[in-house]
Each structure stands twice: as C-alpha cells, then as structure tokens.
Amino acid sequence: MFITFEGLDASGKSTQAELTAERFRESGENVMVIREPGGTELGEKVRSILLDVNSAIEPAAEVFLFSAARAQLVREVIRPALSRGDTVICDRYVDSTTSYQGYGREIPLESIKAINRLAIEDVIPDLTFFIDISIEEIEKRQRAAGIDTDRMERAGRVFFERTRNGYYELARTEKRLKIIRGERSPGDIFSDIWSIIQVELHRSSVG
Ligand code: ADP
Ligand code: TYD
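Each value, and the rule that gives it
- Sequence positions are assigned chain by chain, starting from 1 and proceeding in written order.
- As a convention, the first chain written is A and the first ligand written is 1, with the rest following in written order.
- The model is predicted, so local features are restricted to residues of pLDDT at least 70 and side-chain atom pairs to those at 80 or more, both for listing and for counting; the totals for chains, interfaces and linings are taken over all residues.
- The basis for every side-chain value is the complete set of non-hydrogen atoms in the structure, without hydrogens or water.
- What counts as a helix is a DSSP run of H or I of at least four residues, what counts as a strand is a run of E of at least two, and both are numbered from the N terminus.
- Helix span, expected: 1.5 Å multiplied by one less than the number of residues in the helix.
- Two axes are fitted around each residue, one to the seven residues ending there and one to the seven starting there, and the angle between them is reported as the bend at that residue.
- For each residue, the accessible area found with a 1.4 Å probe, counting protein chains only, is set against the maximum for its type, and the residue is called buried under 20%, exposed over 50%, and partly exposed in between.
- Any two residues whose heavy atoms approach within 4.5 Å at even a single point are treated as in contact.
- The pairing test for Phe, Tyr and Trp rings, Trp by its six-membered ring, is centres within 6.5 Å, and the orientation test on the planes gives stacked under 30 degrees, edge-to-face over 60, and tilted for anything in between.
- Sitting over a ring, as applied to charges here, requires NZ of Lys or CZ of Arg to be within 6 Å of the ring centre and within 35 degrees of the ring normal.
- When a carboxyl oxygen of Asp or Glu is within 4 Å of a side-chain nitrogen of Lys or Arg, the pair counts as a salt bridge.
- The rule for a residue being near a molecule or strand is that one of its heavy atoms must lie within 4 Å of it.
- Think of a polar contact as two N or O atoms within 3.5 Å of one another; within protein, one of them needs to be a possible hydrogen donor and the other a possible acceptor, and neighboring residues in sequence only count if both atoms come from side chains.
- Surface accessibility in these figures is a Shrake-Rupley result with a 1.4 Å probe; residues are shielded only by whichever protein chains are displayed.
- Directions pointing from the helix axis toward each C-beta atom define the arc.
- In this classification, Asp, Glu, Lys and Arg are treated as charged, Ala, Val, Leu, Ile, Met, Phe, Trp, Tyr, Cys and Pro as nonpolar, and every other residue, Gly included, as polar.

Caption draft 1: Local environment of helix 3 (residues 59-83). Taking 1.5 Å as the rise per residue, helix 3 with 25 residues should run 36 Å; its terminal C-alpha atoms sit 34 Å apart, in good agreement. The sharpest bend along helix 3 measures roughly 50° and falls at V74. Of the positions making up helix 3, those classed as buried are E62, V63, F66, S67, A69, R70, L73, V74, V77, I78 and A81. Buried residues in helix 3 make contact with strand 1 (2-6), strand 2 (31-35), helix 2 (41-51), strand 3 (87-91), helix 4 (94-104) and helix 5 (109-120). Backbone geometry just downstream of helix 3 places G85 in the positive-phi region, at approximately 90°.

Caption draft 2: Focus on the packing of aromatic side chains. For the coordinates displayed, the defined rule picks out nine aromatic pairs. Both rings, one in Y100 and one in F160, keep their centres 6.4 Å apart while their planes meet at 90°; by these two values the pair is edge-to-face. Of this pair, Y100 sits in helix 4 while F160 sits in helix 7 (residues 157-173), placing them 60 residues apart in sequence. Here Y100 matches F160 in class, with each residue buried. Counting every residue linked through ring pairs, the aromatic cluster contains F24, F190 and W194. Its end group placed over the ring of W194, R23 keeps NZ or CZ at 5.5 Å from the ring centre. The cationic tip of R70 hangs over the ring face of Y93; the distance from NZ or CZ to the ring centre is 5.8 Å.

Caption draft 3: Representation of the pattern of salt bridges within the structure. Taken as a whole, this structure holds 21 salt bridges when the rule is applied. Two residues, E44 and R35, come together in a salt bridge whose shortest N-O distance is 3.1 Å. Given a relative accessible area of 39%, R35 falls into the partly exposed group. Residue R176 is joined to D95 by a salt bridge in which the shortest nitrogen-to-oxygen separation is 2.9 Å.

Caption draft 4: Local environment of the site of ligand 1. Taken together, the neighbourhood of ligand 1 is formed by 13 residues, with G12, K13, S14, T15 and R184 sitting nearest. Within the backbone of S11, one N or O atom sits 3.1 Å away from an oxygen atom of ligand 1. Between ligand 1 and the protein, one listed contact pairs an oxygen atom with a side-chain N or O atom of T15 at 2.5 Å. Surface burial for ligand 1 is 65%, taken as the share of its 570 Å² of free accessible area covered by protein chains. Of all elements in the fold, only helix 1 (13-26) and helix 8 (186-206) reach the threshold of two or more residues within the shell around ligand 1. When residues of the shell around ligand 1 are assigned to their parent elements, the largest contribution, three residues, is made by helix 1.

Caption draft 5: Up close: helix 5. A rise of 1.5 Å per residue sets the reference length of helix 5, with its twelve residues, at 16 Å; its end C-alpha atoms lie 16 Å apart and thus fit the reference within 8%. If you check which residues of helix 5 are buried, you get I112, I115, N116, A119 and I120. Considered in projection along helix 5, the buried side chains sweep an arc of 115° and stay on one side of the axis. Set apart from the buried face of helix 5 by more than 90 degrees, the exposed residues are E110, R117 and L118. Contacts from the buried residues of helix 5 go to helix 3 and helix 4. Count one or two residues on from helix 5 and you reach E121, which has phi positive near 50°.

Caption draft 6: How the structure looks around the site of ligand 2. In the vicinity of ligand 2 lie 15 residues, with D9, R70, R92, T97 and Q101 positioned nearest. Take R70: an N or O atom from its side chain is 3.0 Å from an oxygen atom of ligand 2. Q101 is positioned such that a nitrogen or oxygen atom in its side chain is 2.8 Å from a nitrogen atom of ligand 2. Starting from 540 Å² of accessible surface for ligand 2 in isolation, the protein chains cover 91%. Elements supplying a minimum of two residues to the shell around ligand 2: helix 2, helix 3 and helix 4. Take the shell around ligand 2: its biggest share by element is four residues, from helix 4. Residue composition of the shell around ligand 2, by class: five nonpolar, three polar and seven charged.

The values reported here are purely geometric and, on their own, carry no functional implication.
See below:
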C-alpha cells in the first residue's frame, strides 16, 4: 500500500506518518517512511538548494527541482519497495507540487499536470491524507518550536492561503485525498486516519 501525507508546513504530517508506520510495523508489515524532497542522494542535494534562504529560484525552476527529486525517488526507491510488497509512506508527494507550485506560485495547472505525470508515471498513492490546519495555527506552532523558517516558509500568508485552497480543490476531484481536521490531539487525528486505512485495506482485499 502506498500512503501519502499532505498539508501546509507544520500541519503534523511527519507525526502522523510515524504513527501510521508504527501501527503497520506492529502488524508485521515492512514499512518505509520517506520525506519529500529527499530520500535519495540526488533528492537530498536538491532539497538543500530548494530550502536554502540564499537560493534565488524562479517559480518555473522550482517546479522542475521538486519534480526532479521526485522522479529519482519514484524510480530508485518507491517503485522497487512497492514491487516487493512493502508499505510505503511518503511525507509529501505529487499533490504538494500541485498545491504549492500550481496554486501557491500560480504556475498553469496544465503544465503542472504534465510535469507531475512525467515524474511519477503510474505510481499513484492509494490514499492521501491532507491534514488541514489554519495559517494562524501554523504560525503558532512555528513560534512554539522556535525553528528558523526555510525559503519556502518565508513565502508569506497569501501564498499559504492559495496553497491551502489548492488542496481543497484537489480533494474535490481526487477520491484518494481525504481531508483530516488537524487542530486536534495527535491521537484523535491518528484514530481517523487508521479507520480510513482499514476501510481501504478491506476494499482492496475484496475488490
Ligand atoms: P510537519 O511534518 O507537517 O511539518 P510535524 O509533525 O513535524 O509537522 O509537526 C510540526 C509541529 O507541530 C511540531 O512542533 C509538533 O510537535 C507539533 N504538532 C504535531 N502534531 C500536532 C497536533 N496534533 N497538535 C498540536 N501540535 C502538533
Ligand atoms: P519541509 O521542511 O520538508 O517541510 P514540511 O515539514 O512542512 O513538510 O520542507 C518542504 C517544503 O517544500 C515545504 O515548504 C513544502 C515545499 N514543497 C513544495 O513547494 N513543492 C513540493 O513539491 C514539495 C514536495 C514540497
């Protein structure tokens, strides 16, 4: 099974990705957790360029960089793991490009779709959890964690509003994308996520 987590920065994706992985491992599954951009040697190099506050990157170049990292990850890591029967959990994937570069940076969606298709081919998630939190909550969490913002996080409030809206638009057309209310305790959020996974596991075993 291939599961991805999406949402704005600090929405709790990695927390939920880890909880999900742990639960799968308890039931004896081989699980791989990956973070995007990254997960390969090339991907980690591209990540450091993309998040560096000193990088000057044009929006069109940004799409290709995120997608280059993903194209490598799909072929080097994700597809082989899924072929072995492993469960793959990805902290961000192709919907991040649609929402951040398509809606956030306002790159034409036709171009984004074509680039996404080239990057992932047929490696489409079975389930995607969009953990939704408000922009105010993001700012609160970032202040609480006391972390320095990276290049993407400095894009500003209006950018994040557009990006959040992008996820809502995606949820309208993509059945695999589930909106999860993220301003609750990690345990409550996980309980919703796990129920949805159970339904999907049942559906794929009977269908
Ligand atoms: P992401 O991977 O989306 O950036 P993280 O899981 O790393 O998110 O969480 C970002 C910050 O928010 C961390 O400081 C984490 O402790 C905190 N956090 C995670 N889940 C919750 C939650 N449900 N409620 C409040 N704070 C949370
Ligand atoms: P990261 O530190 O991994 O953020 P988070 O913990 O919120 O996931 O940084 C990744 C940043 O890159 C984040 O701001 C989202 C952005 N991003 C895109 O703009 N497009 C993409 O395709 C991906 C994968 C990430």
